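Listed here are the chains, written in short residue letters.
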Amino acid sequence: MFSGFDFRDWLLANDPALSRLRMALRVTLSVALSFGVLLVIHSLLFPLPIASYGLGIVLAIEGGVAVRDKGGGRQLVTRLLGCAASLVVVVIAAGLEGHRLISDAVFLLIIFLAASARVFGPRGHAIGMFAFMSYFLGAYFQPPLAELPLVAIGPMVSSLIAHAVRSVVLPDDWRRDLLRSLESVQGRINQILFKIAALAAEGHVSDADRQELNQLEERLKEVVLMAESFIPRPPSGMFDPGTEPAGELAIRLFDAHLAAEGAIMLCSQSLPPFELVHRVIEGHKVRPPAEDDEGPSAEATRALIRLGNARAELVETIDEGNRTGFADIAAVAEAPVQASLPDFSLSNPLMRSALQITVAAAIAMTLGLGLSRERWFWAVLASFLVFTNTNSRGDTAMKALQRSVGTLFGIGIGLLLATVLSGHLAPALAITSLSIFLAFYFLQTSYATMTFFVSIALCLVYGMIGSLTLDLLLLRVEETALGAAVGTLVAFVVFPARTRGALDLVLDKWFAALDALLKATAAGEPRHRLIDLSQTLDAAYKDLATTARPLGSSWSVVTKPGQVRQTLAIFLAATYWARMMAKNREASITSDDARQLIETGLARVTSASARRSECFFVDRKIPVSSARHHPHASKGWRQGLEMIGLTLERLYPDA
């Protein structure tokens, strides 16, 4: 049986800062309250048309997902503007209902404008989604002009309720999120220590064990980056650990991450005694080996002690945060957001994507009408949504497949549940609410799972209103598959953003970040500045790993997951050694050999960056794991410099 504490630990381990849980609760509560308020109005005041309910529920969902402004005031402005846009497009849809060709053309125009609005940032994206979904529902429900005042009640009620839920019931609180993410960092360090202890008890490390340790390190990296994002940054945008508590906290996170990487790397080569690992886990003081002991076991022991010390400092920070609420850090003023002029040229990927979406919607509309004169909107909806949050044609194809598969299986389960629960309103409402919650809990981790639960919820809703038929569900699957296929085709034909091209862009950022770090090292900039630059490199690696994901999927024409993993391991190793260099760099660099090392590293960065994504398609015979181990390298920041150069050489062994 799970105790409450065990369940909370499990929840934090899988959802650092509980951000996914909070979003799912917000969406579910907003939908339930909006539906409840509209039902009360319908029962006590005046009957509402079905379009009012549809708009209210869908915009409650969009309000919980699409509105991402910082601060309650800005969020309220975005919601009000989105509500106004919703009402305007619904009026247009109703007014053009008797002119289908004009209405369809206007729908395509709104789709283009909604997609183009993303150039204005989060607010533009949210208002665009409100407008698209509202015209979609207006054309779907076809409300008469005389009912529009009643229809408008749905968007207005859902906007106000969603804002109240976000601002009052489940508000954002960076102090709480920072504390929870720090607890998650501590928990993931504990997982690493427990795994090392288990291996020390067994006395050997297999390849599977090394892979599990690397996965634990990746999970630690994710939550460290999340914790760093919650720390308020000063107006300069750069922490100063000497004078700012926020900077000291950033350094502690950096040290904990680096200590964990070092412990994993060295303990994978030579396991320390189990008794020693146990003492570190229990928090006891452990005497390090003598300085003249250079054996692998001594190095692993030192790394383990460093990790134990970093964890102890992190525990102190968590205790202090519980006592003071990070009062010292709260005094830091956030860096102002620099507004930039919107770019409407075709050189902007967002504008190219807007054209792709519009072309896909036009084709889906034409073909969808061939399947159904009433339900073709589903094809347009699928063709629109498969482009959301994608940066290459490979990403789009993966999302299209996930949407189609999720819809198919969700409708299968939903049909079964709707049949079993027919005539049982209370359990049907409960399972519908649970399905909505689970859909948005998994939104950030699995689009297929989200679509699966949304499809179940729709089946139950159709069942409760008496519209559920097998033909209707099959039509939804067909329209969804059609829209997803059209979106994929357009992604590959119209302004195709190849996965390799997207890789080139993120690789440029990674190499630029490493180049800036090496130049700052050569210039003798302070340690906290180097750590700040190494964190930029870390974020660039995260983007690189995400962008490379389609190369390893089974549907891809270029199916070389082994080489993809090898190449990512090289970049991960270089990122690690860059952090090692930033942490241990001496106050000044004066020796000729040190400067030569930096210049050699810069030259290798220049050489490797010129070949860009070619490194993902190179056959390597040398095991990549050796890129993170070099027993003859010197210590400290010099070791980091040497290993950066050696690691980059692995990218192109034929050079």
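Residues numbered from 1 in each chain as written. Predicted model: local features only at pLDDT ≥ 70, side-chain atom pairs only at ≥ 80, totals over all residues. Heavy atoms only, no water.

Peer 1: Would you explain the overall build of the chain in this entry?
Peer 2: Scanning the chain from terminus to terminus reveals 25 helices and zero strands. By the burial criterion, 51% of the 655 residues in the chain qualify as buried. Sequence separation of 24 or more characterises 82% of the internal contacts of the chain that already satisfy a separation of 6 or more. (Helix = DSSP H or I, 4+ residues; strand = E, 2+ residues; numbered from the N terminus. Buried < 20%, exposed > 50% of the residue type's maximum accessible area, 1.4 Å probe, protein only. Contact = heavy atoms within 4.5 Å.)

Peer 1: What is the right way to look at the nonpolar core in this model?
Peer 2: Note that soluble globular proteins tend to have their nonpolar side chains buried in a common cluster. Of all hydrophobic cores here, the largest spans 94 residues; its most connected members are Trp510, Phe571 and Phe616. Looking at this core, the element that brings in the most residues is helix α11 (residues 245-267), giving 15 residues. In terms of nonpolar packing, the next biggest core, distinct from the first, is built from 80 residues, Val90, Met133, Met450 and Tyr462 among them. (Core = buried A, V, L, I, M, F, W, Y, C linked by side-chain atoms within 4.5 Å.)

Peer 1: Explain the packing of helix α6 (residues 122-141) against helix α16 (residues 377-385) here, please?
Peer 2: Between two packed helices, both the angle of their axes relative to each other and the distance between the axes serve to describe the pair. Where α6 meets α16, the axes come as close as 11 Å, and the angle between the chain directions of the two elements is 170°. Taken together, the axes of α6 and α16 lie roughly antiparallel to each other. Residues Met129, Phe132, Met133, Phe136, Ala139 and Tyr140 of α6 pack against Phe377, Trp378, Leu381, Phe384 and Leu385 of α16. For the contact of α6 with α16, the class distribution of residues is 11 nonpolar, no polar and no charged. (Axes fitted to C-alpha atoms, helices over the stretch in contact; angles between N-to-C directions. Parallel < 35°, antiparallel > 145°, perpendicular 65-115°, else oblique. Nonpolar A, V, L, I, M, F, W, Y, C, P; charged D, E, K, R; others polar.)

Peer 1: How should unusual backbone geometry be read in this particular structure?
Peer 2: Apart from glycine, the bulk of residues carry a negative phi angle, and the bulk of peptide bonds sit in the trans form. Although it is not a glycine, glutamine 142 sits at a positive phi angle of roughly 50°. Of the residues examined, glutamine 142 reaches a relative accessible area of 34% and is grouped as partly exposed.

Peer 1: Sorry if this is basic, but what is going on with the packing of aromatic side chains here?
Peer 2: Any two aromatic rings considered together are summarised by their centre-to-centre distance and by the angle between their planes. Here the structure, examined in full by the defined rule, presents 19 aromatic pairs. A ring pair is formed by tyrosine 140 and phenylalanine 377, whose centres lie 6.0 Å apart and whose planes are at 75°; its orientation type is edge-to-face. Of this pair, tyrosine 140 sits in helix α6 while phenylalanine 377 sits in helix α16, and the two are 237 residues apart along the sequence. Geometrically, the ring pair formed by tyrosine 441 and phenylalanine 442 is edge-to-face, given 5.3 Å between the ring centres and 90° between the ring planes. (Phe/Tyr/Trp six-rings, centres within 6.5 Å; stacked < 30°, edge-to-face > 60°.)

Peer 1: Explain a negative patch on the surface here, please?
Peer 2: Residues Glu313, Glu316, Asp319 and Glu320 make up a contiguous surface patch of negative charge. Tracing the backbone through its elements, the reader meets aspartate 319 in helix α13 (residues 296-324). On the basis of relative accessibility, which here comes to 38%, the residue aspartate 319 falls in the partly exposed class. (Patch = residues over 30% accessible without salt bridge, like charges linked within 9 Å, V, L, I, M, F, W, Y side chains within 5 Å. Areas by Shrake-Rupley, 256 points an atom, 1.4 Å probe, with all protein chains shown as cover. Salt bridge = Lys/Arg side-chain N within 4 Å of Asp/Glu carboxyl O. Lys, Arg positive; Asp, Glu negative; His and termini not counted. Charge placed at Lys NZ, Arg CZ, Asp CG, Glu CD.)

Peer 1: Quick question: what am I supposed to make of the environment of glutamate 599 here?
Peer 2: Among the secondary structure elements, glutamate 599 is positioned in helix α24 (residues 592-611). For glutamate 599, a relative accessible area of 52% gives the class exposed. Sequence spacing of glutamate 599 and alanine 522 is 77 residues, and the spatial spacing of their C-alpha atoms is 8.6 Å.

Peer 1: Would you mind going over a nonpolar patch on the surface with me for this structure?
Peer 2: On the surface, a nonpolar cluster with roughly 410 Å² of combined accessible area is contributed by Val40, Leu44, Leu45 and Phe46. Along the chain, the position of leucine 44 falls in helix α2 (residues 19-44). Judged by its relative accessible area of 66%, leucine 44 is exposed.

Peer 1: I would appreciate a short explanation of helix α19 (residues 447-464) in the present structure.
Peer 2: Residues spaced three or four apart along an α-helix point in a common direction, a consequence of the helix completing one turn every 3.6 residues. When the terminal C-alpha atoms of α19 are compared, their 26 Å separation across 18 residues agrees well with the 26 Å that a helix rising 1.5 Å per residue should span. The set of residues buried in α19 consists of Tyr447, Met450, Thr451, Phe453, Ser455, Ile456, Ala457, Cys459, Leu460 and Tyr462. Immediately downstream of α19, the backbone of glycine 466 shows phi near 80°, a positive value. (Expected span 1.5 Å × (residues − 1).)

Peer 1: So what exactly am I meant to see when it comes to the packing of helix α17 (residues 393-420) against helix α20 (residues 470-493) here?
Peer 2: The contact between α17 and α20 brings their axes to 8 Å, and the two run at 175°. In terms of orientation, α17 lies roughly antiparallel with respect to α20. Together, Arg393, Thr396, Ala397, Ala400, Arg403, Ser404, Thr407, Leu408, Ile411 and Leu415 of α17 and Leu470, Leu473, Arg476, Val477, Thr480, Ala481, Ala484, Gly487, Thr488, Ala491 and Phe492 of α20 make up the contact between the two elements. In terms of residue class, the contact of α17 with α20 is built from 12 nonpolar, six polar and three charged.

Peer 1: What should I look at first to understand the pattern of salt bridges in this one?
Peer 2: A side chain with one charge may pair with a side chain of the opposite charge, provided their charged atoms come close. Following the criterion strictly, the structure yields 13 salt bridges and no others. Between aspartate 172 and arginine 22 there is a salt bridge whose closest N-O contact spans 4.0 Å. Here arginine 22 lies in helix α2 and aspartate 172 lies in the loop between α8 (153-169) and α9 (174-202), a separation of 150 residues in the sequence. In this structure aspartate 172 comes out as partly exposed when scored by relative accessible area, which is 42%. For aspartate 207, the salt bridge goes to arginine 210, with nearest N and O atoms at 3.3 Å. One end of the pair, aspartate 207, and the other, arginine 210, are both in helix α10 (residues 207-230), three residues apart, so they sit about a helical turn from each other. Aspartate 207 gets classed as exposed once you look at its relative accessible area, which sits at 62%. Residue class for arginine 210 comes out partly exposed when judged on its relative accessible area of 32%. What you see here is one network of salt bridges that share partners, running through Arg22, Arg26, Arg166, Asp172, Arg176 and Asp177.

Peer 1: Sorry, what's going on with the side chain of arginine 476 here?
Peer 2: Within the element layout of this structure, arginine 476 appears in helix α20. No salt bridge is formed by the buried arginine 476; its nearest oppositely charged neighbour, glutamate 479, is found at 9.3 Å. Dropping the residues within four chain positions of it, arginine 476 is found in contact with Trp378, Arg403, Thr407, Ile411 and Leu458.

Peer 1: Looking at this structure, how should I read the confidence of the model for the chain?
Peer 2: Scored by pLDDT, the chain has a mean of 82; 86% of the residues are at 70 or more. Long-range and interchain partners of residues 553-561, a stretch whose pLDDT sits below 50, account for 14 contacts in this model, where long-range means more than four residues apart. The model gives residues 622-634 a pLDDT under 50, and that stretch makes 28 contacts with residues more than four places away or in other chains. (pLDDT = per-residue confidence, 0-100.)

Peer 1: What should I look at first to understand the side chain of aspartate 177 in this one?
Peer 2: Mapped onto the fold, aspartate 177 is located in helix α9. If we skip the residues at most four places from it in the chain, aspartate 177 touches Ala17, Arg22 and Phe230.

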